[in-house]
Amino acid sequence: MQNETSAQTISWLAACPKGIEPLLAEEIRELGGEVERETHLGVYWKGSLEAAYRFCLWSRLASRLLYPLQDSQVDNVDDLYKAAYSVDWPAVFSLKSTFRIDFNGRSDFVNNTQFGAQKVKDAIVDRFRDDIGARPSVSKDAAVRVEAQLRKGRLLLYFNVSGDSLHRRGYRLQPGKAPLKENLAAAILIRAGWPALAKEGKHLVDPMCGSGTLLMEAGMMAADIAPGLNRQQWGFQGWSLHDNALWQREVDEARKRRTAGLAAMTNRLYGFDIDAEQLNSASNNLSRSALAGRVHLERRSIEQLRVNNEVIEQGGLVVCNPPYGERLSELPQLAPLYQQFHDATMKLPEWKLAVFTGNTDLAKSIRRPLFKQYNFMNGRIQTRLLVFGAADERSAQPQQSMIRGPVEAFANRVTKNLKQLRKWAKREDVHCYRLYDADIPEYAVAVDLYEDWLHVQEYVPPKSVDEAKAERRLLDVLAALPEVTGVPSQKIVLKRRERQSGKRQYEKQNTDQHYFAVREGQIKVLVNLKDYLDTGLFLDHRPTRLSIAQQAQGKRFLNLFCYTATASVHAAAAGATCTSVDMSRTYLNWGRDNFRLNDIEPEQHRFVQADCMQWLKDCNEQFDLIFMDPPTFSNSKRMEGVLDIQRDHIQLISDAMRCLAPGGLLIFSNNLRRFEMDENALKEFIIHDVSAKSVPFDYSRRSNIHHCYHIRRPD
């Protein structure tokens, strides 16, 4: 029976990542299969069981090999159950095997995949019980996998012949930080022309190799190693049609080819990366493969790319998958990275270049003739493979200014602002200031200088602005800023500025610690440009903090909504006794660190973690100077209610004035642009609007950045 089946022509479906179907069809033909058609599901083909085994061993591109069992129109749950039940399941796999269902698709009557999988499982179990009086067990780790697809009213059932995804070769146990799937890496290499170059004895360099996937796949191609040879488990091992003798013959043949291929291999493969952890992953992955000792791995930055002259003369392929800014914070460093890649690969001027990227705007820095480009999907990210030829005269020319086209208007404005602000900052001894704030609407960013760092905040563009156009403008900004300001890209930090609520505004954006000290007046302040949405220092309140320093000596100072307690540090340095209140433990600890930075013992002052509104209601103390800068809106879980500054400012001010000592001053500010002080409700107090004086020179282009009031009791 098995011998007869082995010789039969069987229909198969080979699934693969989107965009790889034409390559997979060609691979099937090379492996002896007959391609019927390419679809969005994969490639339908015909071939013997022997061809299927060969495919499982040798396919570099497929995700799964599926054996069709059923194709039925289903209009309801009962139809789905009946269609699944109609398959002769005891003839597909044995009672002793455990199985699992992989269900994909939805309909009006199946609204989640778990429910659909349950119905198919019930049908299979019932068919076993009705036919042989017993049922097999279900397990998530089962080798026997049944795939069910519900699409446009049709139920398609398959036996998964390959089992776990074919991209899992067995060598990669440490995937690295942003790994490519192995079959996508193979597709990149095929499109880049590596198989032909490998046969010619050419070499390969990956200057940003990460965990080494491109190197491993390239090495297996060069050494004629079947990508499935290391796998230990296959779906067909529990299949009733499995012919183990036939399978072993294919495995033995693949092993012979591996031995011969490694012996004949003259290609040299080089992998470089600046990240030691990534290289360690690559080394460990390499040690589990037949290519151990055949790939040279070394920790080097892209600028330090080095290959010996003999290899350079023999030629080959430079291929890499550089980061392309799927995380906003990566963008400032990426434009120069692509430029560095171009400069480094000019050491290999005759070599072919293949760059896999999700951001073709960044790749414009590579000034070689572009021969081909191919579209791929890397997970959900639309990506493109750019294949460049040998360098030409244009390639060798120095990089021109990044400032050209519409971004010149932005660059000119920053240059003008910088000329004015540098003189002012030197005269006023200001070390951190706003350099640009959406002065030109098309370039909607705020740029702040913190000593020798730039903090760039992108205002979220309206939905009417094309997303791709907005990103191109942002990249232009990031490319222009180093040239205009002299601040290197490594010291430019990018964030997106949008309204925050609750705890989100206090949460870390990254996992590292990036604190450094800056000067303001007579004190130093810790700022952190990377880890949080805000930096730890609100620059627009600089004049108010300096004013507090001038009048705080000997005073009892209360800082409400104190944030990182910078105003408290100014007051304490001037000789005040400080009470700082905030809901955030993170910011209060930050405030204590600011005190220590200035050799002020935080234990000599008071830090209170509390809801400021409630704390004020309960406060029975008196203070000579109070600073209150509440958020516009807050619905933190630590609060009993919701703070709306327009609605609640009367209560806040009234409660604060109850705690103000005779002759004292309350400084009240907020950042609600349309805020209106209800002076009639607060007519018992003397209120002076000092907003114009409190807005610093560097914010004069946005004079409504905040409102500030001095409030006293009548004498």
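In this report, the structure presented in the accompanying data block is examined. This structure is a prediction, so every number in the text was calculated from the model and none was measured.

## Some words on the overall build of the protein chain
- Looking only at helices and strands, the protein chain features 21 helices and 29 strands.
- Based on the C-alpha atoms only, the size of the protein chain along its principal axes is roughly 110 × 70 × 45 Å.
- Taking as baseline every contact in the protein chain between residues at least 6 positions apart, the subset at least 24 positions apart corresponds to 72%.
- Accessible surface computed for the protein chain: about 32600 Å², of which carbon and sulfur atoms make up 46%.
- Computed over 96 positive and 89 negative side-chain charges, the separation of the two mean positions in the protein chain equals 1 Å.

## What about the nonpolar core?
- With 100 residues, the main nonpolar core has Trp12, Phe55, Trp194 and Trp239 as its most contacted residues.
- A total of eight residues in this core trace back to one element, the largest contributor, which is helix H3 (residues 49–58).
- Among the nonpolar cores identified, the runner-up in size contains 35 residues, and Cys432, Ile523, Leu539 and Ala576 belong to it.

## A look at the sheet that holds strand S23 (residues 606–609)
- What the seven strands build is an open sheet, ordered S23-S22-S21-S24-S27-S29-S28; its pairing is mixed. Unpaired on one side and paired on the other, S23 and strand S28 (686–689) mark the two borders of the sheet. Each neighbouring strand pair of the sheet contributes to a mean axis angle of 15°, computed without reference to strand direction.
- As defined by bridge partners, strand S21 (residues 556–560) adjoins strand S22 (residues 577–582) across five bridges and the pair is classed as parallel. Among the inter-strand pairings, Leu560 is bridged to a residue of S22, identified as Val581.
- In the packing of helix H16 (residues 542–551) onto the sheet, the strands contacted are S21, strand S24 (623–628), strand S27 (660–670) and strand S29 (707–712), and the crossing angle to S24 comes to about 175°.
- Across the sheet, helix H20 (residues 645–658) lies against S24, S27 and S29, angled at about 160° from S27, the strand it touches most.

## Focus: the environment of Lys364
- By the secondary structure assignment, Lys364 is in the loop between strand S12 (352–357) and strand S13 (370–378).
- With a relative accessible area of 59%, Lys364 lands in the exposed category.
- Remark: the alpha-carbon pair of Lys364 and Phe623, spanning 259 residues in sequence, is separated by 60 Å.

## Notes on the side chain of Gln149
- Within the secondary structure, Gln149 is located in strand S6 (residues 144–151).
- Those residues within four positions of Gln149 in sequence are excluded, and the remaining contacts are Leu41, Arg64, Leu66, Asn104, Arg154, Leu155, Leu156 and Tyr158.

## Here's the deal with the pattern of salt bridges
- Applying the stated criterion to the full structure yields 33 salt bridges.
- Among the salt bridges present, the one from Lys46 reaches Glu36, with a minimum N-O distance of 3.5 Å. In this pair, Lys46 is assigned in strand S3 (residues 42–47) and Glu36 in strand S2 (residues 34–39), connecting sequence segments 10 residues apart.
- The exposure class of Glu36 is partly exposed, given its relative accessible area of 38%.
- Between Arg434 and Asp437 there is a salt bridge, and its shortest N-O distance comes to 2.8 Å.
- Exposure remark for Asp437: the relative accessible area of 7% places this residue in the buried category.
- In this structure, a network of salt bridges that share partners links the residues Arg100, Asp102, Arg145, Asp164 and Arg168.

## A look at the packing of aromatic side chains
- Counted under the stated rule, the structure contains 32 aromatic pairs.
- Residues Phe93 and Phe99 carry aromatic rings whose centres are separated by 5.4 Å and whose planes lie at 40° to one another, so their mutual orientation is tilted. The burial state of Phe93 is the same as that of Phe99; both residues are buried.
- Sitting above the plane of the Trp234 ring, Arg231 keeps its charged end 4.3 Å from the centroid.
- In this arrangement the basic side chain of Arg257 is found over the ring face of Trp58, its NZ or CZ atom lying 3.9 Å from the centre.

## Things to note about the environment of Ala661
- Position of Ala661 relative to the elements: it lies in strand S27.
- Through-space distance from the C-alpha of Ala661 to that of Phe623 is 5.3 Å; in sequence the pair is 38 residues apart.

## Some thoughts on the side chain of Asn598
- Checked against the element boundaries, Asn598 lands in the loop between helix H18 (585–597) and S23.
- Contacts of Asn598, omitting those with residues within four sequence positions, involve Ile523, Lys524 and Val569.

## Here we look at the sheet that holds strand S10 (residues 295–299)
- Strand order in the open sheet made by the seven strands is S10-S9-S8-S11-S12-S14-S13, with mixed pairing throughout. Pairing within the sheet leaves two strands with one partner each, and these edge strands are S10 and S13. For this sheet, the mean inter-axis angle between neighbouring strands, taken without regard to orientation, is 15°.
- Sheet topology note: the strand S8 (residues 203–206)/strand S11 (residues 316–320) ladder contains three bridges and is parallel. Of the residues in S11, the one forming a bridge with Leu204 is Leu317.
- Where helix H6 (residues 182–191) meets the sheet, it contacts S8, S11, S12, S13 and strand S14 (381–388), and its direction lies at approximately 165° from that of S13.

## Some words on the packing of H6 against helix H8 (residues 213–222)
- Running from N to C, H6 and H8 point in directions that differ by 65°, and their axes come no closer than 9 Å. Every pair of crossing elements has a handedness; the one defined by H6 and H8 is right-handed. Each of Glu182, Ala185, Ala186, Ile188, Leu189 and Ile190 in H6 lies in contact with H8, whose residues at this interface are Thr213, Leu214, Glu217, Ala218 and Met221.
- Of the residues that constitute the contact of H6 with H8, the class distribution is eight nonpolar, one polar and two charged.

## Examining the packing of H16 against helix H17 (residues 566–573)
- Two numbers describe how H16 lies on H17: the axes approach to 7 Å, and their chain directions differ by 25°. Comparing the axis directions of H16 and H17 gives the class roughly parallel. As H16 runs across H17, the sense of the crossing is right-handed. On the side of H16, the interface is formed by Arg545, Leu546, Ile548 and Ala549, while H17 contributes Thr566, Ala567, His570 and Ala571.
- Grouping the constituent residues of the contact of H16 with H17 by class yields five nonpolar, two polar and one charged.

How each quantity is defined
Residues numbered from 1 in each chain as written. Predicted model: local features only at pLDDT ≥ 70, side-chain atom pairs only at ≥ 80, totals over all residues. Heavy atoms only, no water. Helix = DSSP H or I, 4+ residues; strand = E, 2+ residues; numbered from the N terminus. Contact = heavy atoms within 4.5 Å. Areas by Shrake-Rupley, 256 points an atom, 1.4 Å probe, with all protein chains shown as cover. Lys, Arg positive; Asp, Glu negative; His and termini not counted. Charge placed at Lys NZ, Arg CZ, Asp CG, Glu CD. Core = buried A, V, L, I, M, F, W, Y, C linked by side-chain atoms within 4.5 Å. Buried < 20%, exposed > 50% of the residue type's maximum accessible area, 1.4 Å probe, protein only. Pairing = 2+ DSSP bridges. Axes fitted to C-alpha atoms, helices over the stretch in contact; angles between N-to-C directions. Salt bridge = Lys/Arg side-chain N within 4 Å of Asp/Glu carboxyl O. Phe/Tyr/Trp six-rings, centres within 6.5 Å; stacked < 30°, edge-to-face > 60°. Lys NZ or Arg CZ within 6 Å of the ring centre and 35° of its normal. Left-handed = near helix turned anticlockwise from the far one by under 90°. Nonpolar A, V, L, I, M, F, W, Y, C, P; charged D, E, K, R; others polar. Parallel < 35°, antiparallel > 145°, perpendicular 65-115°, else oblique.

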